[in-house]
Amino acid sequence: MNIYKKQDIVSFIRRQGRLPTDQFGQILPAGDLLLWFELDKCLTRLEQEIIKKELAAMAEAQDALEKLRIIERSRTNLSS
């Protein structure tokens, strides 16, 4: 996959804000995210697999940052 195409797709998704979640607040699986952003309509199967890996990494990073925010809030509340 063209590196610029991949970077532009990832940038486009990041500009949308937080990744979409299910009714329980869990980030949608990478395959569902691919459909959510309708990337299945404009990417080849190989490109979709590459983007799914990127989406999974983005979801993992978002989860990690949320956990860090929770830890930071609890520290702030303890020191108040």
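In short, a report on the structure. The shown structure was predicted, so the numbers you read here are calculated from the model rather than taken from an experiment. (Residues numbered from 1 in each chain as written. Predicted model: local features only at pLDDT ≥ 70, side-chain atom pairs only at ≥ 80, totals over all residues. Heavy atoms only, no water.)

### A word on a nonpolar patch on the surface
Stage number 1. A surface patch of nonpolar side chains, amounting to about 270 Å² of accessible area, comprises L65, L68 and I71.
Stage number 2. In this structure, L68 sits in helix α3 (residues 45-79). (Patch = residues over 30% accessible without salt bridge, like charges linked within 9 Å, V, L, I, M, F, W, Y side chains within 5 Å. Areas by Shrake-Rupley, 256 points an atom, 1.4 Å probe, with all protein chains shown as cover. Salt bridge = Lys/Arg side-chain N within 4 Å of Asp/Glu carboxyl O. Helix = DSSP H or I, 4+ residues; strand = E, 2+ residues; numbered from the N terminus.)

### Quick word on unusual backbone geometry
Stage number 1. Positive phi values are uncommon outside glycine, yet E38 reaches one of about 60°.
Stage number 2. Looking at the secondary structure, you find E38 in the loop between α2 (30-36) and α3.

### Re the layout of surface pockets
Stage number 1. Its volume calculated, the largest pocket comes out at about 170 Å³.
Stage number 2. Contributing to the lining of the largest pocket are I13, R14, G17, R18, L19, M58, A61, Q62, L65 and R69.
Stage number 3. Elements with a contribution of two residues or more to the lining of the largest pocket: α1 (3-15) and α3.
Stage number 4. For the lining of the largest pocket, the leading source of residues is α3, giving five residues. (1 Å grid on protein atoms, 1.4 Å probe; cavity = no way out; pocket = protein on both sides within 12 Å on 5 of 7 lines; lining within 4 Å. Points joined across faces, edges and corners; volume = space filled by probe spheres on them.)

### Things to note about the packing of α1 against α3
Stage number 1. Contact geometry of α1 with α3 gives a least axis separation of 11 Å together with a crossing angle of 45°. Here α3 runs oblique to α1, going by the angle between their axes. Considering the relative orientation of α1 and α3, their crossing is right-handed. The segment α1 lies against α3, with K5, K6, I9, V10, I13 and R14 engaging E47, I50, I51, E54, L55 and M58. (Axes fitted to C-alpha atoms, helices over the stretch in contact; angles between N-to-C directions. Parallel < 35°, antiparallel > 145°, perpendicular 65-115°, else oblique. Left-handed = near helix turned anticlockwise from the far one by under 90°. Contact = heavy atoms within 4.5 Å.)

Take it as geometry only, folks, not as evidence of what the structure does.
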